[in-house]
Structure formats: structure tokens, C-alpha cells
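# Residue-level structure breakdown
Listed below, chain by chain, are the residues.
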Amino acid sequence: MKFKTIFMLCCTILLTIFLTVNRDAVEFDFLIGEPVPVSKLIVIGVCIVIGFIIGYLAGRPKRTLESYDTELDKQHIDPNSSENPKQTTLSEEDRNYIS
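Residues numbered from 1 in each chain as written. Predicted model: local features only at pLDDT ≥ 70, side-chain atom pairs only at ≥ 80, totals over all residues. Heavy atoms only, no water.

## Some points on the pattern of salt bridges
Taken as a whole and judged by the stated rule, the model has one salt bridge. Where Lys 40 meets Asp 24, a salt bridge forms, and the shortest distance between an N and an O atom there is 3.9 Å. With Lys 40 in helix H2 (residues 40–59) and Asp 24 in the loop between helix H1 (3–21) and strand S1 (25–28), the pair connects residues that are 16 residues apart, well separated along the chain. (Salt bridge = Lys/Arg side-chain N within 4 Å of Asp/Glu carboxyl O. Helix = DSSP H or I, 4+ residues; strand = E, 2+ residues; numbered from the N terminus.)

Here's what the structure looks like:
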């Protein structure tokens, strides 16, 4: 198994043990109203789920709106044509070196 898989498995086991040990009722004070007795298991579990969601949203790669090919299509430039400003011509020596 990969190190990442083993690490995630160990973290999951430790988290499960941590949650099962902390089942006591605690007073949870919402901003409005009186404190309510809630299990530590639920409070910690909800915080962990919210943390995973925030971490996923913060860590995912950003979407790219346009790619280089889309930009070429907008400008109607053929990437293989000689009119393409980014295309350079190679000498015969360079072509032989690449092949």
C-alpha cells in the first residue's frame, strides 16, 4: 500500500477512537437562547465534517475559464498556419536534431 493510504487509514482509526471516547454530554451555547446539553461526539463530528468541507473547497484547483486552444478559436488562427505569430520556423539542421 502507498504511504498516503496508510496515513489516511491511521488518521481515520485515531479519529474514530477519539470520537468514541468523548461521548459525554456538554453544554453547547448557541448564540441565541439557553445552553443545550449535546454529546461531545456530535459537536466534534460536526466540526470535523465542516473542516473537511472547508479544506476541500479551499484546496481544490481553480477552474480555468479559457484555454489556449479556445483563445485561438476566438481569434480564428490556425495553429499550423504560417500566419500564427507564435509559430517559428525551424532550420533543416534543427529539424534533423529533433528527429
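## Examining the packing of aromatic side chains
Aromatic rings in a pair are described by how distant their centres are and how their planes are angled relative to each other. One pass over the full model with this rule turns up one aromatic pair. On the numbers, 6.2 Å between centres and 25 degrees between planes, the contact of Phe 3 with Phe 7 is stacked. Note that Phe 3 and Phe 7 are positioned in helix H1 at a spacing of four residues, about one turn of the helix. Relative accessible area serves as the criterion here: at 67%, Phe 3 is assigned to the exposed category. (Phe/Tyr/Trp six-rings, centres within 6.5 Å; stacked < 30°, edge-to-face > 60°. Buried < 20%, exposed > 50% of the residue type's maximum accessible area, 1.4 Å probe, protein only.)

## Focus on the environment of Val 36
By the secondary structure assignment, Val 36 is in strand S2 (residues 36–39). Sequence-distant contacts of Val 36, defined by excluding residues within four places in its chain, comprise Val 26, Glu 27, Phe 28 and Phe 30. (Contact = heavy atoms within 4.5 Å.)

## A closer look at the packing of H1 against H2
Two elements in contact, H1 and H2, have axes separated by 8 Å at closest approach and are oriented at 150 degrees. Helix-helix and strand crossings are classified by hand; for H1 and H2 the assignment is right-handed. Note on element contacts: H2 touches H1 through Leu 41, Ile 44, Gly 45 and Ile 48, opposite Leu 15, Phe 18, Leu 19 and Thr 20. The residue inventory of the contact of H1 with H2, partitioned by class, reads six nonpolar, two polar and no charged. (Axes fitted to C-alpha atoms, helices over the stretch in contact; angles between N-to-C directions. Left-handed = near helix turned anticlockwise from the far one by under 90°. Nonpolar A, V, L, I, M, F, W, Y, C, P; charged D, E, K, R; others polar.)

## What to know about a nonpolar patch on the surface
On the surface, Met 1, Ile 6, Leu 9, Ile 13, Leu 14, Ile 17 and Val 21 cluster together into a nonpolar patch covering about 740 Å² of accessible area. You can see Ile 17 is positioned in helix H1. Owing to a relative accessible area of 47%, Ile 17 belongs among the partly exposed residues under this scheme. (Patch = residues over 30% accessible without salt bridge, like charges linked within 9 Å, V, L, I, M, F, W, Y side chains within 5 Å. Areas by Shrake-Rupley, 256 points an atom, 1.4 Å probe, with all protein chains shown as cover.)

## Some thoughts on H2
Its 20 residues place the ends of H2 28 Å apart at the C-alpha level, agreeing with the 28 Å of an ideal helix rising 1.5 Å per residue. Capping the start of H2, Ser 39 holds a side-chain oxygen 3.2 Å from the backbone nitrogen of Leu 41, two or three residues further along. (Expected span 1.5 Å × (residues − 1). Polar contact = N/O pair within 3.5 Å; in protein donor to acceptor, adjacent residues only side chain to side chain.)

## Side note on the state of the cysteines
This model, assessed by the stated rule, comprises zero disulfides. No disulfide involves Cys 10; its nearest neighbouring cysteine sulfur is the one of Cys 11, lying 7.1 Å away. Given the relative accessible area of 34%, Cys 11 is considered partly exposed. (Disulfide = S-S within 2.5 Å.)

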